[in-house]
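Understanding the architecture of this molecule
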Amino acid sequence: MTTTARTVIGGNWKMNTDRAAGLALARAVSDAAKPLASKVDTAIFPPFPYLPIISQALCDAGSSLWLGAQDCYHAEKGAFTGEVSVGMLKDVGVKIVLAGHSERRHVLHEGDDLVNLKVRAILNAGLWCILCVGEKLEQRVTGQTDTVNERQVRLGLREVSPDQLARLVIAYEPVWAIGTGKTATPADAQDAHFNIRGVLADMFGKDAAARVPIQYGGSVTAANAVELMAQPDINGALVGGASLKAEDFAKIIQAGAR
Ligand code: PGA
């Protein structure tokens, strides 16, 4: 299957930075991304409290960056202490939201049903969604990588309509590779991506599946980004640690533009 997907690079800051450092990082990434915006879509995912000031700064700079949120809650409003709705995120200029990140699944114990509710809330609101999937180490060594990915994709995308697929990105992030310095080999990652695209093709048809960007995530660095993104089914990267240094992240954006 030939991929016609755009390249999407995401910088997931997780629970890092403060107000001043976040603003400075956003401005530096914005400057790096701007000349490459015709080739690569770049998003940053700051912590919730800094979204409004960063949104304003990006707007003032005429930035091409997409403002992203690391999570959301699926209900519109109400008695959900501590949660943030998709409408609130939209209100402060967010364009893209992560769902099912491995830290949400495995540290905060979110299951596939909740992830699916979030995916639908994000897409129903007209925003872009990155659905994150990936196997744990014990699942990889027992040969369950593709089964786990298939289950998370099928359950995550339950009741998602074919037209909503145009605003979907998948991030394949093997859990054992996140924040560990261990990366899947380009060939292993390509294998997993190829199979995920096959699942999308089965659900939504070949042409629609070919247009969905599938990012690789898990210890992506300036050093390994080129080789990973040279694989035919790897359409970008979701980057944690290396997205906190503007120069490193700029090199990853440049790798995506090649
Ligand atoms: P990492 O995180 O690049 O620090 O491994 C990736 C992610 O969790 O999205």
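Here the structure is shown first, and the text comes after it.
So, a few notes on the structure that sits alongside this text. Since the model is a prediction, treat every value here as computed from it, not as a measurement. (Residues numbered from 1 in each chain as written. Predicted model: local features only at pLDDT ≥ 70, side-chain atom pairs only at ≥ 80, totals over all residues. Heavy atoms only, no water.)

**Concerning the pattern of salt bridges**
Considering all chains together, one arrives at 15 salt bridges under this definition. For Asp-71, the salt bridge identified is with Arg-104, shortest N-O distance 3.3 Å. Highlighted residues: Asp-71 in the loop between β3 (66-69) and α3 (86-91) and Arg-104 in helix α4 (residues 102-106), separated in sequence by 33 residues. Take Asp-71: its relative accessible area is 7%, and that puts it in the buried class. A relative accessible area of 24% means that Arg-104 is categorised as partly exposed. A salt bridge links Arg-197 to Asp-233; the nearest nitrogen and oxygen atoms lie 2.6 Å apart. Remark: Asp-233 occurs in the loop between α10 (225-229) and β8 (236-239) and Arg-197 occurs in helix α8 (residues 186-204); sequence separation between them is 36 residues. By relative accessible area, which is 1% here, Arg-197 ends up buried. Taking the relative accessible area as the measure of exposure, Asp-233 reaches 4% and is therefore buried. Residues participating in the shared-partner salt-bridge network are Asp-71, Arg-104, Glu-110 and Lys-118. (Salt bridge = Lys/Arg side-chain N within 4 Å of Asp/Glu carboxyl O. Helix = DSSP H or I, 4+ residues; strand = E, 2+ residues; numbered from the N terminus. Buried < 20%, exposed > 50% of the residue type's maximum accessible area, 1.4 Å probe, protein only.)

**Looking at the nonpolar core**
Grouped together as the largest cluster of nonpolar side chains are 70 residues, with contacts concentrated most on Ile-44, Ile-54, Val-119, Leu-157, Ile-170, Leu-200 and Tyr-216. Once residues lying within four places of it in the same chain are set aside, the contact partners of Ile-54 are Trp-13, Gly-22, Leu-23, Ala-26, Ile-44, Pro-46 and Leu-67. Membership of the second largest hydrophobic core comes to 12 residues, among which are Phe-45, Cys-132, Ala-171 and Leu-238. (Core = buried A, V, L, I, M, F, W, Y, C linked by side-chain atoms within 4.5 Å. Contact = heavy atoms within 4.5 Å.)

**Focus on the packing of helix α1 (residues 19-33) against helix α11 (residues 246-256)**
Look at α1 against α11: their axes get within 9 Å of each other, and the N-to-C directions meet at 30°. Taken together, the axes of α1 and α11 are roughly parallel relative to one another. The way α1 lies across α11 gives a crossing that is right-handed. Across from Leu-25, Ala-28, Val-29, Ala-32 and Ala-33 in α1, the residues of α11 making contact are Ala-246, Phe-249, Ala-250 and Ile-253. Classifying every residue of the contact of α1 with α11 gives 9 nonpolar, no polar and no charged. (Axes fitted to C-alpha atoms, helices over the stretch in contact; angles between N-to-C directions. Parallel < 35°, antiparallel > 145°, perpendicular 65-115°, else oblique. Left-handed = near helix turned anticlockwise from the far one by under 90°. Nonpolar A, V, L, I, M, F, W, Y, C, P; charged D, E, K, R; others polar.)

**A short note on the site of the ligand**
The ligand sits among 13 residues. The nearest are Lys-14, His-101, Glu-173, Gly-179 and Ser-219. Taking 290 Å² as the accessible area of the ligand by itself, protein coverage stands at 95%. Of the residues in the shell around the ligand, the class split is 4 nonpolar, 7 polar and 2 charged. (Near = heavy atom within 4 Å. Areas by Shrake-Rupley, 256 points an atom, 1.4 Å probe, with all protein chains shown as cover.)

**Brief notes about unusual backbone geometry**
The phi dihedral of Thr-17 is positive, around 80°, even though this residue is not glycine. Here Thr-17 lies in the loop between β1 (7-12) and α1. The class of Thr-17 is partly exposed, set by a relative accessible area of 29%. Look at Ser-219: it is not a glycine, yet its phi comes out positive at around 55°. Looking at the secondary structure, you find Ser-219 in the loop between β7 (214-217) and α10.

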